[in-house]
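Fold and geometry: a report
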Amino acid sequence: DAGVIQSPRHEVTEMGQEVTLRCKPISGHDYLFWYRQTMMRGLELLIYFNNNVPIDDSGMPEDRFSAKMPNASFSTLKIQPSEPRDSAVYFCASSSGGPSEQYFGPGTRLTVT
Amino acid sequence: GQSLEQPSEVTAVEGAIVQINCTYQTSGFYGLSWYQQHDGGAPTFLSYNALDGLEETGRFSSFLSRSDSYGYLLLQELQMKDSASYFCAVREGRDDKIIFGKGTRLHILP
């Protein structure tokens, strides 16, 4: 099993640019989670999907953030426009049958200058 | 509100045993998970407790007391590779998300 796949692994962009992060969950998993991790705020849940449907997006910081899951094998997290305070590591995770045992991707390290 | 409390740092000696505690206050409770994260890496799942008692997986064990809103992760025969951050996480409802604690950084001395 390839595990959760995320791309890109690193992204450096300028303030105001659009950023799209991608995630492929483990095949057969019905939950998908997007997290953001910083030293100051720790690991924060942004949004999660169950069977491709967004269930809770209360963690999405602003309207600049949006996420989609068009099918069971792909999800995107988009930031438009990006700001320096969005700099963080963004993780995608997936699980089967509930949120208790999640498998994380390697993360995308985003730097906005 | 919801809160999870765990020590920010713990130091132990190689070969010894260490316990990382986690207390929680949440509106609902369905279970407690533990994750390990090495520097520069992603969190990896260690264990999940839904019922009171001790769950053992090799050198790692996890304990839960629902009445005390408390759990711990026990690491035995510590190895240098166990140096990492350890997060407890609470599942509030059957199909709900999980909330992560701030993490405990474990330092291991040779």
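Look up: the structure comes first, before these words.
Report follows, based on the coordinates. (Residues numbered from 1 in each chain as written. Chains lettered and ligands numbered in written order. Predicted model: local features only at pLDDT ≥ 70, side-chain atom pairs only at ≥ 80, totals over all residues. Heavy atoms only, no water.)

1. Considering the pattern of salt bridges
Two side chains with opposite charge may pair up if their charged atoms get near one another. All names here are of chain A. Threshold: The working definition used for a salt bridge is a side-chain nitrogen of Lys or Arg within 4 Å of a carboxyl oxygen of Asp or Glu. Here's how the labels work: a residue is buried when its accessible area is under 20% of the maximum for its type, exposed when over 50%, partly exposed in between, all with a 1.4 Å probe on protein chains only. Secondary structure elements are taken from DSSP: a helix is a run of H or I of four residues or more, a strand is a run of E of two residues or more, and numbering for both begins at the N terminus.
Tallied over the entire structure, the rule returns 10 salt bridges over all chains. Measuring nitrogen to oxygen at the nearest pair gives 2.8 Å for the salt bridge that ties E62 to R64. Its relative accessible area of 25% is what places E62 among the partly exposed residues. Residue class for R64 comes out buried when judged on its relative accessible area of 10%. Across the pair R85 and E62 runs a salt bridge whose closest N-O atoms are separated by 2.8 Å. Taken as a pair, R85 in the loop between β8 (74–79) and β9 (88–95) and E62 in the loop between β6 (53–56) and β7 (65–71) lie far apart in primary sequence, 23 residues in all. For R85, a relative accessible area of 55% puts it in the exposed group. Each of E62, R64, E83, R85 and D86 takes part in salt bridges that share partners, so that together they form one network.

2. Quick word on the state of the cysteines
Note the threshold: When the sulfur atoms of two cysteines come within 2.5 Å, that pair is taken as a disulfide.
What the rule picks out here adds up to two disulfides over all chains. What pairs with C23 of chain A in a disulfide is C92 of chain A, and their sulfur atoms sit 1.9 Å apart. Residues C23 of chain A and C92 of chain A share a disulfide whose torsion about the S-S bond is about -65 degrees; that sign makes it left-handed. In this pair, C23 of chain A is assigned in strand β3 (residues 19–24) and C92 of chain A in strand β9, connecting sequence segments 69 residues apart. For C92 of chain A, a relative accessible area of 0% puts it in the buried group. Linked covalently through their sulfurs, C22 of chain B and C88 of chain B form a disulfide whose S-S length is 2.2 Å. Judged by the sign of its S-S torsion, about 70 degrees, the bond between C22 of chain B and C88 of chain B is right-handed. You can see C22 of chain B sitting in strand β3 (residues 18–25) and its partner C88 of chain B sitting in strand β9 (residues 84–91), a full 66 residues away along the chain. By relative accessible area, C88 of chain B is classed as buried at 0%.

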